[in-house]
Structures are given as C-alpha cells and as structure tokens.
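# Reading the structure
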Amino acid sequence: MNITVIGAGYVGLITAAGLAETGHQVVCVDDDLRKVQVLNSGGMPFYEPGLEDLVKRNRQAKRLEFISRIEDAVVKCQAIFICVGTPPLENGEADLSSVELVARRISECARGYHLVIEKSTVPVQTGRRLQKHFSIYGNDSQYHCDVASNPEFLREGSGVEDFFHPDRIVVGVDSDKAAALLGEIYKPVLEQTFACPVHENCGNRARVPFVITDINSAELIKHASNSFLAMKISFINMIADLCEAVGADVGKVAEAVGMDKRIGGSFLRPGVGFGGSCFPKDLQAFVRVGQSAGCDFTLLHEVEQINQRRVDLFVKKIKNELWVVRGKRVGVWGLAFKPRTDDVRCSPALAIIRRMLAEGALVRAYDPQAMEKAKAEIPDIEYCADAYAAAQGAEAILALTEWEEFLHLDLLKVRHLMSRPLILDGRNMFSSATLAGLGFEYVDIGSGAPAREAFFDARNV
Ligand code: UGA
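Anyway, here's the lowdown on the structure attached to this text. Everything quoted here is computed from the prediction, not taken from an experiment.

Conventions used here
- Residues numbered from 1 in each chain as written.
- Predicted model: local features only at pLDDT ≥ 70, side-chain atom pairs only at ≥ 80, totals over all residues.
- Heavy atoms only, no water.
- Helix = DSSP H or I, 4+ residues; strand = E, 2+ residues; numbered from the N terminus.
- Rg over C-alpha atoms; globule rule 2.2 N^0.38 Å.
- Buried < 20%, exposed > 50% of the residue type's maximum accessible area, 1.4 Å probe, protein only.
- Contact = heavy atoms within 4.5 Å.
- Areas by Shrake-Rupley, 256 points an atom, 1.4 Å probe, with all protein chains shown as cover.
- Lys, Arg positive; Asp, Glu negative; His and termini not counted.
- Charge placed at Lys NZ, Arg CZ, Asp CG, Glu CD.
- Pairing = 2+ DSSP bridges.
- Right-handed = clockwise from strand over helix to strand, strands pointing away.
- Near = heavy atom within 4 Å.
- Polar contact = N/O pair within 3.5 Å; in protein donor to acceptor, adjacent residues only side chain to side chain.
- Nonpolar A, V, L, I, M, F, W, Y, C, P; charged D, E, K, R; others polar.
- Axes fitted to C-alpha atoms, helices over the stretch in contact; angles between N-to-C directions.
- Left-handed = near helix turned anticlockwise from the far one by under 90°.

### A few points about the overall build of the protein
Each helix and strand counted, the protein has 20 helices and 14 strands in total. For 461 residues, the compact-globule formula gives about 23 Å, and the C-alpha radius of gyration of the protein, at 24 Å, lands near that figure. Taken along the three principal axes of its C-alpha coordinates, the protein extends 85 × 50 × 45 Å. Among the 461 residues that make up the protein, the fraction classed as buried is 53%. Here the contacts in the protein between residues at least 6 apart in sequence split such that 73% fall between residues at least 24 apart. For the protein, the exposed surface amounts to about 20,800 Å²; the carbon and sulfur share of it is 52%. The centroid of the 52 positive side-chain charges in the protein is displaced by 1 Å from the centroid of its 60 negative side-chain charges.

Take a look at the structure:
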C-alpha cells in the first residue's frame, strides 16, 4: 500500500521504516529540511538500536523515501499517519498545533479517499476534532478523509523490536473501511509473517491481538497505559522510601510483589524517577483531560508529584554523604533518561547535574550515547571519554542511567582512580555486597542501612 508518514521523530521514523520493511511503499515527510537531508545522505537524526540498518535497507530497496513537502506525498497515498510532536503547554495540556497544521495541509492537497491515522499521542476526542476539520475543509469534490486512531507503544531503545513484536495493535475507527485498511497495513505484523529484522532465529511468532475500538477509546488507551506504568514506578519509589526509613530491602519487596501475576514484575524498578518525552508529558496531559471532564484525577497528580520529589531526595542523599558540596569533584555515569537511547529530554540525570552545579560541585560526566545532546543542554561541565575518566579524582560517582557497559567496568580500577570511593547509585544497578567487598561506600535507593552496614563490616574484617 502507498503510505505517507508525517514526522520523522522516534515514532514516525520507526513506523515508516517498519512499514516499509513489511512491504509497503512509504514516503516519510518532515518539514525540518536538515533532518530530511541527514536521512537522505544515510545519516540518522538520533540513536535507536537497529533503526539505522532498517532505514538503509529500505531506502536501498526503494520502499522508503524522505521528503519535506506534504503535498508531494499525500496525493498518491491511501493512508496517512500523523506522527508529529504534541509537547506540553504551560498548563500541562497537549499542544495540538502541529497536528492541526498537518490536518490543514492534508485537506489542502487531498484528492479522493484517504485514511488519516493519528499516531501522535493526543487527548481523547482529538479524532472527533479532526473529523470535523476534514468535513469543513477540502478542495476536491470527491474528497473524503476518514480518521482513525492508532496509538503507539514503542519504547525508546527497543522501538524497532516493539514495532515488529507488539503486545497488541490498537485501532480506533468509525467505519468498516478504516478497520479493513488498518488490518491490511498491519497484516504482516499481526500474522508475524515478515522476515524478522531483529532476531536471528525469531521464535516469537504468535499472532498479535488486534484490538478494534471506537476512536475515543483508542486515544484513551494510550494515555491510560502510560499513566498506569508511571503509577507503578511512583508506587515502588514510594515503597523504596519506606524501606529506607524502616530498614527493609526494596529489591526483595518489588521482586515478591511482582511475582503476583495480577501485579506483574515489570516497571517496579525504583530510582531517581521516570523521564523522557512521554511519561512526564502524558501524565500531565491526562490529568488535564480528567479535570476538564470533571473527573477526580488526584491519583495521577500524586504520581507526578512523587516523581518530581525523586531528584530532591537523591540530591539530599548526595549532600548527606558529601557534607559540603562546593568545590568537590563529582563523576556522573549516565545522562540519557534511560539506557539504549541518546535522548536526554526530562532526564533526571540532567536535573541532578543542574542541582550539583548550583551547589558548586565540579561535574565530570560520561554517557555512551547521550553526550552530544546533553552538551546542548548543559555546556559548562566536563564531558569525559569514558566512565574511568569521569571517576578520576572524584569524591563521589553518581550512577544515573543503567547502561550495561557500567556493569562490566573494572571497579577496582575505578576505586583507585577516585579520591573517595563513594558510589551513589540512582538506578540500583550495582550490588551493595560486591561494592562493599571492593572497599566502596555505596548508597542505593531503598535498601538504606544494610548497605552501609555491610560496607563498614567489610572494612572491619
Ligand atoms: C514509554 C512507554 O513505555 C511506551 O510504551 C510508550 O510508547 C512511550 O512511552 C511513548 O509514549 O511514546 P519510553 O518513554 O521510551 O516508553 O521509556 P520507558 O521504558 O517506558 O521508561 C520511561 C522512564 O521510566 C525512564 O526514565 C525509565 O528509567 C523509568 N523507569 C522505567 C523506572 O524508573 N522504573 C521502571 O521500573 C521502569
């Protein structure tokens, strides 16, 4: 099928390349000329594992092209995916001006029938607004734009895998024709009939559930899913604080709680809080949706508040350990909001660095992928070539993103490089027993006293 994808961000680019890989003819449009140039010259505008190969292969096979003018793509295609940004406004509501602008451009150049699919995360009832828009505007007498919602559940860092092996595909439609078209677009993924570009011996070939709903429900499913996941994280962070206060181990608590199939073990990792371009903004937007519908969404407001306090609490721990922060050298491991991405949007790591700078610390940081993007946000710290360089002469290391390479470091070497062997682990990626055995002072989230006691016990032996 001829498909247009508007927006070459994380969602748009993965969707465009994924659909091309499953056999569709895809044109991806972005009004950022520089981004289009980068993509057309074989580069990538951001780091996402597996995506570069996917884009390259499909460009070479002439199933995927990048252009900057919507008009040149829309006329020829049946399905148009809107994947533009919906950033938060001052009041937390989603800014839908890019979605509206794209709709306007589509109606100016659409001819005949098109299915317009909103993939950007939007508040419930946006589809209705789009339907109204398309019924008012349009230059062609034969023109008809159906609207559908098809929320994405791609995680940064594993977005390509999530595209090919989703837990479910949700479509919100109000016509059989729209449902049938979406069924056709996703047939290879639903039936798992594509040659898997992610796994060498792909054993994961069960049919993917296809959830067909009305448009409002599909829009709501997306916000409800992200809010629920954020709620799990804030819940376990709240429990972590209690564990510290009373002397319990949040790792064990989360493990056992998560063994209950009704609860599930994922998204129960405590830490310095959730970041990224989705959870913080989607939570705020969903709270606004609830409020304007007259519903009590205090629960989600509190989820947000707990998350905001994570950085304060971690900074308090740092100050507690360092006593006077001013003039002290602090090493930072990890800048991205999570591993396997170079994205630093709403990254707790950057928030913590800013607080350290305000306290007068000398910060030396390292991240395997996110240093360029972090430099644009915080230019005035020292960026290091590797984790060892960040540890050099440091009075403390703040471990803020759980990159796998940090787990393979020579920690004895790290200890010798540091001026005080203190690690504050904001992601609970290290084992307190191992670090204590190596002579580190180790502070994690939610195990409190036992880690410190283990350290002093080890030193007294
Ligand atoms: C999230 C959702 O997981 C995707 O399903 C959704 O499609 C996407 O938002 C979106 O709306 O576009 P993403 O933001 O890429 O994906 O990252 P997650 O893996 O969900 O992590 C979000 C944040 O929560 C990260 O900062 C991570 O470190 C944190 N987190 C996650 C925890 O602190 N604890 C956990 O147990 C899990």
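### Things to note about unusual backbone geometry
Residue Trp323 is not a glycine yet carries a positive backbone phi of 65°. Following the sequence through the fold, Trp323 ends up in the loop between α13 (298-322) and β9 (329-333). For Trp323, a relative accessible area of 75% puts it in the exposed group. A positive phi is found at Asn428, a non-glycine position, where the angle reads about 50°. Looking at the element boundaries, Asn428 is found in the loop between β13 (422-425) and α19 (432-437).

### Section: the pairing of strand β2 (residues 25-29)
With respect to burial, β2 is a largely interior element, 4 of its 5 residues being buried. For strand β1 (residues 2-6) and β2, the ladder comprises 5 bridges, and the chain directions are parallel. By the bridge assignment for β2, Val5 is matched with Cys28. For the crossover from β1 across helix α1 (residues 10-21) to β2, the handedness is right-handed. Across 4 bridges, β2 lies against strand β3 (residues 64-67) in parallel orientation. When the bridges of β3 are listed, Val29 appears paired with Ile67.

### Considerations on the environment of Cys109
In this structure, Cys109 sits in helix α5 (residues 97-109). Spatially, the C-alpha atom of Cys109 lies 9.5 Å from that of Ala73, the residues being 36 residues apart in sequence. In contact with Cys109, not counting residues within four places along its chain, are Ile70, Glu71, Val74 and Val75.

### Considerations on the site of the ligand
As a matter of local geometry, the ligand sits amid 19 residues, with Glu152, Glu156, Lys222, Asn226 and Lys338 nearest to it. In this structure, Leu268 approaches the ligand through a main-chain N or O atom, which is 3.3 Å from an oxygen atom. Between Lys338 and the ligand, the recorded distance is 2.8 Å, taken from a side-chain N or O atom to an oxygen atom. In isolation the ligand offers 710 Å² of accessible surface; the protein chains occlude 95% of this area. The set of elements that each furnish at least two residues to the shell around the ligand consists of α10 (215-246) and α12 (279-292). Per-class residue counts for the shell around the ligand are 9 nonpolar, 2 polar and 8 charged.

### Points about the environment of Phe267
Of note, Phe267 is situated in the loop between α11 (250-258) and α12. Remark: the alpha-carbon pair of Phe267 and Val257, spanning 10 residues in sequence, is separated by 12 Å. Setting aside residues up to four positions removed in sequence, Phe267 forms contacts with Leu229, Lys232, Ile233 and Phe279.

### Observations regarding the packing of α10 against α12
The contact between α10 and α12 brings their axes to 9 Å, and the two run at 115°. In this structure, α10 meets α12 at a crossing whose hand is left-handed. For the pair formed by α10 and α12, the contact residues are Leu220, Lys222, His223, Ala224, Asn226, Ser227, Leu229, Ala230 and Ile233 on the first element and Phe279, Asp282, Leu283, Ala285 and Phe286 on the second. Among the residues making up the contact of α10 with α12, the classes are represented as 9 nonpolar, 3 polar and 2 charged.

### Side note on the sheet that holds strand β14 (residues 441-443)
As summarised here, the arrangement of the 6 strands in space is β11-β10-β9-β12-β13-β14, forming an open sheet in which the pairing is parallel. Where the open sheet ends on each side, the last strands, each with one partner, are β11 (382-383) and β14. Two elements, β13 and β14, share 3 bridges in a ladder whose sense is parallel. The residue bridging Ile423 from the neighbouring strand is Tyr442, located in β14. α13 contacts β9, β12 (396-399), β13 and β14 of the sheet and is inclined by roughly 165° relative to β13.

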